[in-house]
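Single-letter residue listing:
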Amino acid sequence: MTYSQFGHMIPEMIVLGIFMLVFLFDTFSGEKGKKILTPFTAILFALGTIAIWIIPAAGVPVFGGMYVNDTATNAIKAILNVGVFLVLLQSAKWIQNDEASVRKGEFYELLLVTIFGMYLMVSARHFLLFIIGLESASLPLAAMVAFNKRKYESNEAAIKYIMTAVFSSAILLVGLSFVYAFSAGSLYFNDLAVAISQGEMSGLLIVALAFMIAGIGFKLSLVPFHLWTADVYQGAPTAVTTYLSVVSKGAAAFAFFVIFAQCFGAVYSDAWEWMMYGIIILTITIGNLFALRQKNMKRFMAFSSISQAGYIMLGVMASETLGLSAMLFYIFVYVVSNIGAFLVINTIEENTGIISMDDYNGLHKTNPWLSFAMTLAMFSLAGIPPFAGFFSKILIFTSVTSSNSWALYMLVLVALINTIISLYYYLLVVKAMWISHDEPKVATIRTFKCEKVALWLCVGGIIFFGLVPYIYQYCYDAVAHSVKILSVIIP
């Protein structure tokens, strides 16, 4: 190993550089300097995101093949960065309150550490590096969930998150021990793929697969590993909830694809195909059915995100160039749509303390701009044309039905039926804002400048990402050139 290999880790080096600059600025700038810490961090991160988009990925395995940053992994990192940038803008007002402002630098530093861990997750080609990335992302998130330390709900949410995170990590590590035994002492993805292709199906491998799905399924909030989601989303600060529902989910979905396509693709039809059918159907259906019952907007969005995770997992079942590119595009659209909805929720909560859907009745009379932004976000999440969410669902369904399998056709049929159910509960929010005749309970709100910029970016993305083909073409080209990810593919 030589130090020159770190030159292939450009996204990670950029994030570490931003982390060091933010840490030093926070430590030595004094009270006056800390007032500009938020724009300082946001500008640095925006420049870093642009650099990741522009600088080409080397695609060369380094550190003995443990790490690779090819065009597909570079694309998902750029997409995650867009989500983090929007979260930074969303948190600008909340982080200035009396309780959080003292620890403003800590919040940004924890945020940067988690995104660094997620970078390692998606670039890992060795399970040891994957676990390091997973824990680097998970542990700081627990501190972020508990950031409002004087609020009981925030502390309770953090305890629930850390306990379930520890339990899921233990299950994942047990599964990895079986993987290690099955591959005769190797944790490299390629070595495991070779061992599986040359060996016979065994109970040890099936148990290892089940444990791996359970461990990563926690990060994705897949059913039945979703029970922590609603309570944590409700108790955490809204900016952290946004981060959990979008950025964390996107990184875990991509890592899930890489691990199961590259390591276990040879036993797709024999072992984990039917496991995933059941999990996807349960995730989409249960997420939708429980969302119907919610009045708290953060719990509502929690079950919505569970259902959306099921749709994202459809890309794993396609597992080819079309499938992964559709997944990347879906994650991108999900980022702008979900963050757009959370921005409205956060703005109303920060100014009024209101979080119930019933209190959104007649919102358009006092806050037409917030009502408009929330309506577009709901339409996009529901998949209503001509917004971006419609095209992302079309592409993910098309990728799954591209293979002539009656089971996959039935899976898409179930997903389509659930789309109709989701349309109903998303429109409940729209009905409350625009159709309800009740007098509005939310007074006119003056949106904070950073939140307004983030809302404009989300609204622009919802409207144009589906109509302008550049983003999907970027995702498709990135996947098509990623030889490493597609070297072992599900037949």
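Located above this text is the structure these notes cover.
Description of the structure in this document.

Take the overall build of the protein chain next. When you go through the protein chain residue by residue, the secondary structure sums to 20 helices and zero strands. For the protein chain, the C-alpha radius of gyration of 22 Å lies close to 23 Å, the compact-globule estimate for 491 residues. Looking at the protein chain residue by residue over its 491 residues, the buried ones come to 59%. In the protein chain, the proportion of contacts linking residues at least 24 apart, taken out of those at least 6 apart, comes to 80%. Approximately 18200 Å² of the protein chain is accessible, and the part contributed by carbon and sulfur atoms is 69%. One way to put it: in the protein chain the 26 positive side-chain charges average out to a point 9 Å from where the 25 negative ones average out.

This part takes up the pattern of salt bridges. Under the definition given, this model contains six salt bridges. Between lysine 160 and aspartate 231 there is a salt bridge, with the nearest N and O atoms lying 3.0 Å from each other. Of the two residues, lysine 160 sits in helix H7 (residues 152-182) while aspartate 231 sits in helix H10 (residues 229-235), which places them 71 residues apart along the sequence. Look at lysine 160 and you get partly exposed, because its relative accessible area is 28%.

For the rest of this paragraph, the subject is the packing of aromatic side chains. Considering all chains together, one arrives at 30 aromatic pairs under this definition. Ring centres 6.1 Å apart and planes at 50° place the aromatic pair phenylalanine 178 and phenylalanine 211 in the tilted group. Of this pair, phenylalanine 178 sits in helix H7 while phenylalanine 211 sits in helix H9 (residues 203-220), placing them 33 residues apart in sequence. With a centroid separation of 6.2 Å and an interplanar angle of 90°, the aromatic rings of phenylalanine 300 and tyrosine 426 are classed as edge-to-face. Here phenylalanine 300, found in helix H13 (residues 297-318), pairs with tyrosine 426, found in helix H18 (residues 406-434); they are 126 residues apart in sequence, far enough to count as distant. A single burial state applies to phenylalanine 300 and to tyrosine 426, both of which are buried. The structure contains a cluster of three or more aromatic residues connected by ring pairs, namely Trp53, Phe332, Phe465, Tyr470 and Tyr474. The ring of tyrosine 119 has lysine 77 sitting right over it, with the charged end atom 5.5 Å from the ring centre. Between lysine 393 and the ring centre of tyrosine 311, over which it is positioned, the NZ or CZ distance is 4.7 Å.

Quick look at unusual backbone geometry now. Residue proline 224 is bonded to the preceding valine 223 through a cis peptide linkage, with omega at 10°. Within the secondary structure layout, proline 224 lies in the loop between H9 and H10. Here the bond from proline 385 into proline 386 is cis, since omega is 5°, no more than 30 degrees from zero. Of note, proline 386 is situated in the loop between helix H16 (368-382) and helix H17 (388-401).

The subject of this paragraph is the nonpolar core. One recurring pattern in soluble globular proteins: nonpolar side chains tend to sit buried together. Membership of the largest hydrophobic core comes to 180 residues, with the highest contact counts inside it found for Phe127, Phe130 and Phe264. Apart from the residues lying within four places of it in its own chain, the contact partners of phenylalanine 127 are Leu176, Val179, Leu187, Phe189, Leu192, Met212, Ile259 and Cys263.

This brings us to the packing of helix H4 (residues 71-94) against helix H14 (residues 321-352). Packing of H4 against H14 leaves a shortest axis separation of 10 Å and a crossing angle of 5°. Overall, the two elements H4 and H14 adopt an arrangement that is roughly parallel. On the side of H4, the interface is formed by Ala72, Ala75, Ile76, Ile79, Val82, Gly83, Leu86, Val87, Gln90, Lys93 and Trp94, while H14 contributes Leu328, Ile331, Phe332, Val335, Ile339, Phe342, Leu343, Asn346, Glu350 and Asn351. Tallied by class, the residues present in the contact of H4 with H14 amount to 15 nonpolar, four polar and two charged.

The next point concerns a nonpolar patch on the surface. Together, Ile43, Leu47, Ile50, Ile54 and Ile55 line one region of the surface with nonpolar side chains, adding up to about 480 Å² of accessible area. Within the secondary structure layout, leucine 47 lies in helix H3 (residues 37-54).

Now for H13. Its 22 residues place the ends of H13 33 Å apart at the C-alpha level, agreeing with the 32 Å of an ideal helix rising 1.5 Å per residue. By the N-cap criterion, in which a side-chain oxygen at the helix start approaches the backbone nitrogen of a residue two or three places on, H13 is capped by asparagine 296, the distance to lysine 298 being 3.0 Å.

This part is about the side chain of asparagine 296. By secondary structure assignment, the location of asparagine 296 is in the loop between helix H12 (268-291) and H13. Polar contacts involving the side chain of asparagine 296 include one to the main-chain amide nitrogen of lysine 298, which spans 3.0 Å.

Bringing the packing of H14 against H17 into the picture now. In the contact formed by H14 and H17, the axes pass within 9 Å of each other and the chain directions differ by 160°. Between H14 and H17, the interaxial angle falls into the category roughly antiparallel. In this structure, the crossing between H14 and H17 has a hand that is left-handed. Facing Leu322, Gly323, Ala326, Met327, Phe329, Tyr330 and Val333 of H14, the residues of H17 in contact are Ala388, Gly389, Phe391, Ser392, Lys393, Leu395, Ile396, Thr398 and Ser399. Here the contact of H14 with H17 is composed, by residue class, of 10 nonpolar, five polar and one charged.

About the criteria used
Residues numbered from 1 in each chain as written. Predicted model: local features only at pLDDT ≥ 70, side-chain atom pairs only at ≥ 80, totals over all residues. Heavy atoms only, no water. Helix = DSSP H or I, 4+ residues; strand = E, 2+ residues; numbered from the N terminus. Rg over C-alpha atoms; globule rule 2.2 N^0.38 Å. Buried < 20%, exposed > 50% of the residue type's maximum accessible area, 1.4 Å probe, protein only. Contact = heavy atoms within 4.5 Å. Areas by Shrake-Rupley, 256 points an atom, 1.4 Å probe, with all protein chains shown as cover. Lys, Arg positive; Asp, Glu negative; His and termini not counted. Charge placed at Lys NZ, Arg CZ, Asp CG, Glu CD. Salt bridge = Lys/Arg side-chain N within 4 Å of Asp/Glu carboxyl O. Phe/Tyr/Trp six-rings, centres within 6.5 Å; stacked < 30°, edge-to-face > 60°. Lys NZ or Arg CZ within 6 Å of the ring centre and 35° of its normal. Core = buried A, V, L, I, M, F, W, Y, C linked by side-chain atoms within 4.5 Å. Axes fitted to C-alpha atoms, helices over the stretch in contact; angles between N-to-C directions. Parallel < 35°, antiparallel > 145°, perpendicular 65-115°, else oblique. Nonpolar A, V, L, I, M, F, W, Y, C, P; charged D, E, K, R; others polar. Patch = residues over 30% accessible without salt bridge, like charges linked within 9 Å, V, L, I, M, F, W, Y side chains within 5 Å. Expected span 1.5 Å × (residues − 1). Polar contact = N/O pair within 3.5 Å; in protein donor to acceptor, adjacent residues only side chain to side chain. Left-handed = near helix turned anticlockwise from the far one by under 90°.

From the geometry alone we can't say anything about function, so treat these as descriptive.
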